[in-house]
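Fold and contact review
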Amino acid sequence: MGQLIKVCKALTVAGSDSGGGAGIQADVKTFQEFGVYGMSVLTAVTAQNTTGVQGVYPVPLDGLEQQLTSIGSDLKPDAVKTGMLFSGEYIESVAFFIKKFGWSNLVVDPVMVAKGGASLLGEEALEAMKMYMLPLAKVITPNIPEAEALTGIEITGDEARHEAARILFNMGADYVVIKGGHMEDEFVSDLVYNGNEMCELIDKRVYTKNTHGTGCTFSAAVAAELAYGKTMENAVRNAKKFIQTAIEHGIDVGSGHGPVNHFAYRRILHEQH
Ligand SMILES: Nc1ncnc2c1ncn2[C@@H]1O[C@H](COP(=O)(O)OP(=O)(O)OP(=O)(O)O)[C@@H](O)[C@H]1O
Ligand SMILES: Cc1ncc(CO)c(N)n1
């Protein structure tokens, strides 16, 4: 007779990346690495590889809603992460179901544009993101261009980044993490704001072209840690360690921007023991 094991569960609501480095695939791989049971609701299928995005095919709205209902009627996630949400209409629907099922520990990664420049969210969706998703978020994890789009502030230095964090906090998230991968410094700093204190998570910049999926992986790691009941402070600190190791040991596949290494953290821990 098999033994049944109780596990923590995390759900990602995002787009599929056929190339396996970002989107749903990055999220579920990351959940697995953290020992969390991963579930997924697809908003869209992207035809994508390390050289870019070749196509975006949304899942029909009723298909999105049925997936959310299927999860909600049977499996209660301990944390939920959203990534590519495709459109304002889809955002409104996802927010409706999150409220309906009372899901908490929501990590909103406001994915807008893929690294190569392809749009993953309609411009009309910005208002829906602010109106429906941010008030539900435990944490929002924009990169610099996303923080700029949501706040209307040009982030040219620390002062502006702090101001953007305050504005995002006032839109309703309990915590704001503005990721610093897009800045050019020797160290990469992610700014964390809880409405009270600003704190920075800092590590050395890795000079590599293999950074596909960094944002998805970081926010999925935060969700996995929240699913375990970790505090936000510990969740973001451990997620930063996880992504740093994954970038340092990037994977050599494809001819373009290769993916980060989702199993590096576990491998390295094993090698050390
Ligand atoms: N070259 C790098 N070296 C070290 N850490 C990095 C590097 N690039 C990004 N990071 C880290 O990776 C995480 C994601 O940051 P980034 O700003 O790249 O997100 P993103 O733009 O949303 O990523 P994505 O390409 O998936 O959309 C952050 O924790 C950031 O500090
Ligand atoms: C499906 C998907 N979601 C998110 C990103 C952001 O990197 C991507 N490239 N593809």
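Residues numbered from 1 in each chain as written. Chains lettered and ligands numbered in written order. Predicted model: local features only at pLDDT ≥ 70, side-chain atom pairs only at ≥ 80, totals over all residues. Heavy atoms only, no water.

Per an unreviewed UniProt entry, the protein carries the name Hydroxymethylpyrimidine/phosphomethylpyrimidine kinase and comes from Fictibacillus arsenicus. Listed under Sequence similarities (unreviewed entry) in UniProt, the entry text for the protein is "Belongs to the ThiD family." (UniProt positions renumbered as here; feature names shortened; annotations may be inferred.)

1. Structural notes on the site of ligand 1
In the vicinity of ligand 1 there are 19 residues, among which Lys115, Lys179, His182, Asp190 and Gly215 approach most closely. At a separation of 2.8 Å, an oxygen atom of ligand 1 approaches a polar side-chain atom of asparagine 143. A distance of 3.0 Å separates an oxygen atom of ligand 1 from a polar side-chain atom of threonine 214. Notes on ligand 1: free accessible area 630 Å², of which the protein chains cover 94%. When residues of the shell around ligand 1 are traced back to their parent elements, those giving at least two are β8 (187-193), α7 (214-227) and α8 (232-248). (Near = heavy atom within 4 Å. Polar contact = N/O pair within 3.5 Å; in protein donor to acceptor, adjacent residues only side chain to side chain. Areas by Shrake-Rupley, 256 points an atom, 1.4 Å probe, with all protein chains shown as cover. Helix = DSSP H or I, 4+ residues; strand = E, 2+ residues; numbered from the N terminus.)

2. Section: a nonpolar patch on the surface
There is a patch of nonpolar side chains on the surface, built from Ile5, Val7 and Tyr37 and spanning about 320 Å² of accessible area. Tracing the chain through its elements places tyrosine 37 in strand β2 (residues 37-49). Judged by relative accessible area, which is 44%, tyrosine 37 ranks as partly exposed. (Patch = residues over 30% accessible without salt bridge, like charges linked within 9 Å, V, L, I, M, F, W, Y side chains within 5 Å. Salt bridge = Lys/Arg side-chain N within 4 Å of Asp/Glu carboxyl O. Buried < 20%, exposed > 50% of the residue type's maximum accessible area, 1.4 Å probe, protein only.)

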